[in-house]
Structure formats: structure tokens, C-alpha cells
Amino acid sequence: MSANVVTRFAPSPTGLLHIGNVRTALLNWLYARKHGGRFLLRFEDTDQDRSELAYVDAIKADLCWLGLDWDGDVLFQSEHAASHAGALEKLADQGLAYRCFCSETKLNLDRKLATSRGLPPRYAGHCRHLSARESERRAATESFVWRLRVHADDGDVVVTDALRGHVSFALRDLDDPVVVRSDGSFTFLLPNAVDDAMDGITHTLRGDDHLTNSAYQVWLLEHLGYVPPVYLHHGLLLGQDGTKLSKRSGSHSVVELRDEGLLPGALIQAMGRLGHPNIPETAHNAAALAAHFQAEHISTSSVRWSDDEMWRWHTRLLHELDVETLVAMIQPHVPSCSLDTMALFAALIGKNIERASDAAHYQRLLDIHAPLDADALRVLKEAGAGFYQAALDAWQSLAEADWKSWTMAVKERTGCKGRNLFMPLRVALSGAVHGPEMSAVVGFLGEDGVKARVEDACKICGKQQEVS
Ligand code: GLU
Ligand code: ZN
């Protein structure tokens, strides 16, 4: 494949980056990287009312966080305004673009009429054949939009799609789309296509909701003398429940996920694997994915997004982190202590947490005053002060106590065994009903740490008894 591949991600800076745009960005990035090409970032900021600089910065930050780096300077569609106007002029001169003076009311009426006759609600073509002079004359006093003269009785336009082959559209099935609104602003179609041509985009990967737009854009580019890019229309990403991706069906902004502590590799993995089952489980970042990426595996049917899947990847990645990184992630969730202790703590509980915030379940390992949750309190209470007194005595009776010898001694003194023996001890030491190997917990706490926690358990049970 040619080394001259150029792809782009072209977000409108009117909102934050969401799961759905991440997919398009990732696919374009992967396609470029896989083919040794370039990946451009272009902000489609022609909607001046809704575009905000803050979104430009946020989207750039999100792409960096995901490891999706772009080549060269960031491009802004607004900087090409003169080319867009020039393109329209060129089309108008050839009679391929025309002013439409129809009012919204009239258009609505036409649409209703067409629908009632079982016809597609297309533009009825009233202004298609106005003479240039008539058009100029009315433009002086009436409001108008610009349309492309696409609709015709004969002919086809062919979209080259890397997944679908040549997709042919009969012009008679297409409309005359609006390219300039009555306020003079361009709709998406023309600037997006002209910019692709001017930026030298060879491959445009985007959702199949753009397929008809591509037909218009191929038509437009060909009439302007440009070679249209090869398109690759991927199936849409649906929510977990199979409905359109929305807030309710599990769409999140990247910022939101980052705030929740998600590792970027988890989002990349979960996204990269959609329709791509051949990707090795060790490909944890965008660069590693690129090596295994094959565009022909991208699904043309819709695929479902699963948050659960993404968080499962997160847990796997979390378990593979080096201690230093893990410490940095869990520190905000537990009381502060020396860095050495924190490193030992992280190593101890690292495999027992799914998210960094789960470290809070084990606060008692660091701080005896950490509050106990309801499950832990119930276990302590059920075991009772007598059990813990016996456990304390057993500990003190042993010359060199470890988990094994201690539990044997406690078993002898209390007659408790199995769960009734191990669970109250686990909870007294760690504050949690699940967790790391108890021999490791004992090693981490040391003699004093164990004793202090068992004494504290005695005290808590004593208090509980007084109350009840
Ligand atoms: N600005 C367009 C959008 O965000 C770009 C679509 C495309 O990839 O061509 O939908
Ligand atoms: Zn009209």
C-alpha cells in the first residue's frame, strides 16, 4: 500500500470528545500509522456561534491522553473560508449551484405533499431553472440559500469505499442539497469536502451515517476537478442496549472517564477490538494496535459499545502497572503515609482492586482509625469480643507468630474453623471481607500492627455489646 496515505480527524469544536468520536479518531489514526502515512487534526469550526476555543483545547488534550498524536499543525476549517467561497463560485458559474428562494413554509408543504403521495420528501426544484439574471435580481431583496444541482433524471455518482467497493447512487434518488444557509454560512458538505481535497486527504474513515453525504461530496469534488478520497464507512457504534449511543445508553465524554480514573489503554483496547478479534490481548496502546490493525476487519454493520468490557480491560491493565504508577493512582484514595509504606501497600493490594478507588476498602491496613463498612462490622460483631481476646492471647503465646501458626492456635482455643475462623481475622486486620493473601497481610502489618488491630476489634465488639 502506498506510503502517501493521509487521513484526518475532523471534529467540530462544539462539544467534548465522546466515545463515538473516539472510534472515528482511532480508526483514522490507525489507518495512517499502519500505512506509514500522516494523520491530520482539523477542527471544523465554521459554525461560529457554536464553536468554542475551550473545546479545541479539550479535544486536543483528550487525543493526547489517548496517545493519538497528529502530524503537523492543527488545521482550522475557518482558515479556508476563501476557498469555500471560491468553490461555490466555480460551481455557480457552471450552473451547478443555484440560489433557492423557497420559504420554509413552502418547503414544508412540498414535503408533506410528496409524503402523502408516497414519494420521497425531496426538494421540488422550483428554483432549479431560474435564469442567472432573475436569480441576481431576486437576491437583492429576498433571502435565499444555495443548493447544488445534483438531482437529475440520468446518471450516477460512485463512492469508492474501502469496505463496500463501488457504491453507486442514481442522481434521480439524490436531492439538491443546501450548501449555504440563508445567513450565508456553509453547511457541512462543501467545506468538509473541499478541505479534504486541499489537505490532501487520501482516505476518509467515518460512520456510515455519512454515506449519502459522501455521494454529494464525490459529485462536488469531481465537478471542481478534484480526486475524491477513498472513503471507508464503518458501521455505527451503538450503546450497550443496542440503541443509538447516547448519554443513557452509555456514551461518556472522555473527560468524564479520565476523571473516573480510567486508564487510556483500556478505552483504546475496548475500542480497537470492536470487530477486530485478532488483536492480541497485550496490545495495550494505540501504537501496539496499529501493528495488528487491518482495515478490512472493520465492521460495516453496527457494533455495540460495552462499558463493562472497557472496565474489565482497565482492571487487567491496572494489575500490570509498576508499583510507582500504581502508588500515584491509589494515593488520592487512602490516608497519606510514607512512600515506602505506600509502595508495600500497593504491592500488597494491587491485584485485589479493580479500580484505584477500591484501595479505600483496605484503609485499615494503613490507618487503624479508618471507618469500617457495614459488612466488616457485622463480621466483627458476629465473632464477638471473646473470639478476639482468644486470638490476641494466641498471638502472644507464640514465640514467632505467623498466619499459619496463629490460625492453628486460634482454632485450638476457640474451636472455630473454616470461614468462622478466617473471616473475622481477615476483617480485623484488613477491614475488608475480601482481599490479599492473609500471610502477606500479616507480614505487611508486622507484630505490632496485628496486635493493635486485634485489640481494636476486641474494643469494637465490647462497645457493640454494651450498646446492644
Ligand atoms: N465535522 C464532521 C463531524 O464531526 C466531520 C465528519 C467527517 O469525518 O467527515 O461530523
Ligand atoms: Zn427554491
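So, here's what we can say about the structure. (Residues numbered from 1 in each chain as written. Chains lettered and ligands numbered in written order. Predicted model: local features only at pLDDT ≥ 70, side-chain atom pairs only at ≥ 80, totals over all residues. Heavy atoms only, no water.)

Concerning the pairing of strand 4 (residues 97-100)
Item 1. Neither face of strand 4 is exposed, since Ala 97 and Arg 99 on one face and Tyr 98 and Cys 100 on the opposite face are all buried.
Item 2. Bridge count for strand 4 against strand 5 (residues 145-148) is four bridges, and the pairing is antiparallel. Bridge assignment links Tyr 98 to a residue of strand 5, and that residue is Arg 147. (Buried < 20%, exposed > 50% of the residue type's maximum accessible area, 1.4 Å probe, protein only. Helix = DSSP H or I, 4+ residues; strand = E, 2+ residues; numbered from the N terminus. Pairing = 2+ DSSP bridges.)

Details of the packing of helix 9 (residues 264-272) against helix 11 (residues 307-319)
Item 1. Contact geometry of helix 9 with helix 11 gives a least axis separation of 8 Å together with a crossing angle of 130 degrees. What the angle tells us is that helix 9 and helix 11 run oblique. Regarding helix 9 and helix 11, the two cross each other, and that crossing is right-handed. In this structure, helix 9 uses Gly 265, Ala 266, Leu 267, Gln 269 and Ala 270 to contact helix 11, whose residues at the interface are Met 310, Trp 313, His 314 and Leu 317. (Axes fitted to C-alpha atoms, helices over the stretch in contact; angles between N-to-C directions. Parallel < 35°, antiparallel > 145°, perpendicular 65-115°, else oblique. Left-handed = near helix turned anticlockwise from the far one by under 90°. Contact = heavy atoms within 4.5 Å.)

Points about the environment of Lys 417
Item 1. On the secondary structure map, Lys 417 appears in the loop between helix 15 (403-414) and helix 16 (419-430).
Item 2. Between the C-alpha atoms of Lys 417 and Thr 407, which are ten residues apart in sequence, the distance is 8.9 Å.

A short note on the site of ligand 1
Item 1. In the region of ligand 1, the neighbouring residues are Arg 8, Ala 10, Ser 12, Glu 44, Phe 188, Asn 192, Arg 206 and His 210.
Item 2. Asn 192 is positioned such that a nitrogen or oxygen atom in its side chain is 3.2 Å from an oxygen atom of ligand 1.
Item 3. Coverage of ligand 1 by the protein chains reaches 77% of its 300 Å² of free accessible surface.
Item 4. A breakdown of the residues in the shell around ligand 1 according to their chemical character gives two nonpolar, three polar and three charged. (Near = heavy atom within 4 Å. Polar contact = N/O pair within 3.5 Å; in protein donor to acceptor, adjacent residues only side chain to side chain. Areas by Shrake-Rupley, 256 points an atom, 1.4 Å probe, with all protein chains shown as cover. Nonpolar A, V, L, I, M, F, W, Y, C, P; charged D, E, K, R; others polar.)

Brief notes about the coordination of the zinc ion (ligand 2)
Item 1. Donor atoms from the polypeptide that coordinate the zinc ion (ligand 2) comprise Cys 100 (SG), Cys 102 (SG), Tyr 123 (OH) and Cys 127 (SG), at 2.1 to 2.4 Å from the metal.
Item 2. Along the chain, the residues donating to the zinc ion (ligand 2) are arranged with the sequence spacing C-x1-C-x20-Y-x3-C. You can see Cys 102 sitting in the loop between strand 4 and helix 4 (104-116) and its partner Cys 127 sitting in the loop between helix 4 and helix 5 (132-139), a full 25 residues away along the chain. Summarising the burial analysis for this pair, Cys 102 and Cys 127 share the class buried. (Donors = N, O, S within 2.8 Å, 3.2 Å for Na, K, Ca; no water.)

A look at the packing of aromatic side chains
Item 1. Applying the stated rule across the entire model yields eight aromatic pairs.
Item 2. Summarising the aromatic geometry, the rings of Trp 395 and Trp 406 are spaced 5.1 Å apart at their centres and angled 85 degrees between planes, so their arrangement reads as edge-to-face. On the criterion of sequence distance, the pair formed by Trp 395 in helix 14 (residues 374-397) and Trp 406 in helix 15 is long-range, its members being eleven residues apart. Neither residue differs from the other here; Trp 395 and Trp 406 are each classed as buried.
Item 3. Three or more aromatic residues joined by ring pairs make a cluster, and in this case those are Trp 395, Trp 403, Trp 406 and Phe 422.
Item 4. The ring centre of Trp 311 lies 3.5 Å from the NZ or CZ of Arg 355, which sits over that ring. (Phe/Tyr/Trp six-rings, centres within 6.5 Å; stacked < 30°, edge-to-face > 60°. Lys NZ or Arg CZ within 6 Å of the ring centre and 35° of its normal.)

Examining the side chain of Asp 161
Item 1. Along the chain, Asp 161 falls in strand 6 (residues 156-161).
Item 2. At a separation of 2.6 Å, a polar atom in the side chain of Asp 161 contacts the main-chain amide nitrogen of Leu 163.

Brief notes about the pattern of salt bridges
Item 1. Going through the model one piece at a time under the given rule, you end up with 22 salt bridges.
Item 2. Among the salt bridges present, the one from Arg 33 reaches Asp 69, with a minimum N-O distance of 3.5 Å. Of this pair, Arg 33 sits in helix 1 (residues 19-34) while Asp 69 sits in the loop between helix 2 (53-65) and strand 3 (75-76); the two residues are 36 residues apart in sequence, bridging distant segments of the chain.
Item 3. Judged by its relative accessible area of 41%, Asp 69 falls in the partly exposed class.
Item 4. Between Asp 456 and Arg 364 there is a salt bridge, and its shortest N-O distance comes to 2.9 Å. With Asp 456 in helix 17 (residues 438-467) and Arg 364 in the loop between helix 13 (339-349) and helix 14, this residue pair connects regions lying 92 residues apart in the sequence.
Item 5. The class for Arg 364 is buried, based on a relative accessible area of 2%.
Item 6. Here the residues in one salt-bridge network are Arg 8, Arg 42, Glu 44, Asp 195, Asp 196 and Asp 199, joined through shared partners. (Salt bridge = Lys/Arg side-chain N within 4 Å of Asp/Glu carboxyl O.)

A word on the sheet that holds strand 5
Item 1. Here three strands make up an open sheet; going across it, the order is 4-5-8 and the pairing antiparallel. Pairing within the sheet leaves two strands with one partner each, and these edge strands are strand 4 and strand 8 (178-180). Neighbouring strand axes in the sheet, compared pairwise and without regard to direction, differ in orientation by 45 degrees on average.

Section: the packing of helix 6 (residues 189-198) against helix 7 (residues 211-223)
For any two helices packed against each other, one specifies the inter-axial angle together with the distance between the axes.
Item 1. Helix 7 packs onto helix 6 with a crossing angle of 60 degrees between their chain directions and a minimal axis gap of 10 Å. Regarding the angle of helix 6 to helix 7, the classification is oblique. Both helix 6 and helix 7 take part in a crossing whose hand is right-handed. From helix 6, Leu 189, Leu 190, Asn 192, Ala 193, Val 194 and Ala 197 reach across to helix 7, where they touch Asn 213, Tyr 216, Gln 217, Leu 220 and Leu 221.
Item 2. Along the lines of polarity and charge, the residues of the contact of helix 6 with helix 7 split into eight nonpolar, three polar and no charged.

Structural notes on the nonpolar core
Item 1. Residues Leu 267, Trp 305, Phe 345 and Trp 406 are the most contacted members of the largest nonpolar core, which totals 100 residues.
Item 2. A per-element tally of this core places helix 17 first, with eleven residues.
Item 3. Contacts of Phe 345, omitting those with residues within four sequence positions, involve Ile 330, Val 334, Ala 359, Tyr 362, Leu 365, Leu 366 and Phe 444. (Core = buried A, V, L, I, M, F, W, Y, C linked by side-chain atoms within 4.5 Å.)

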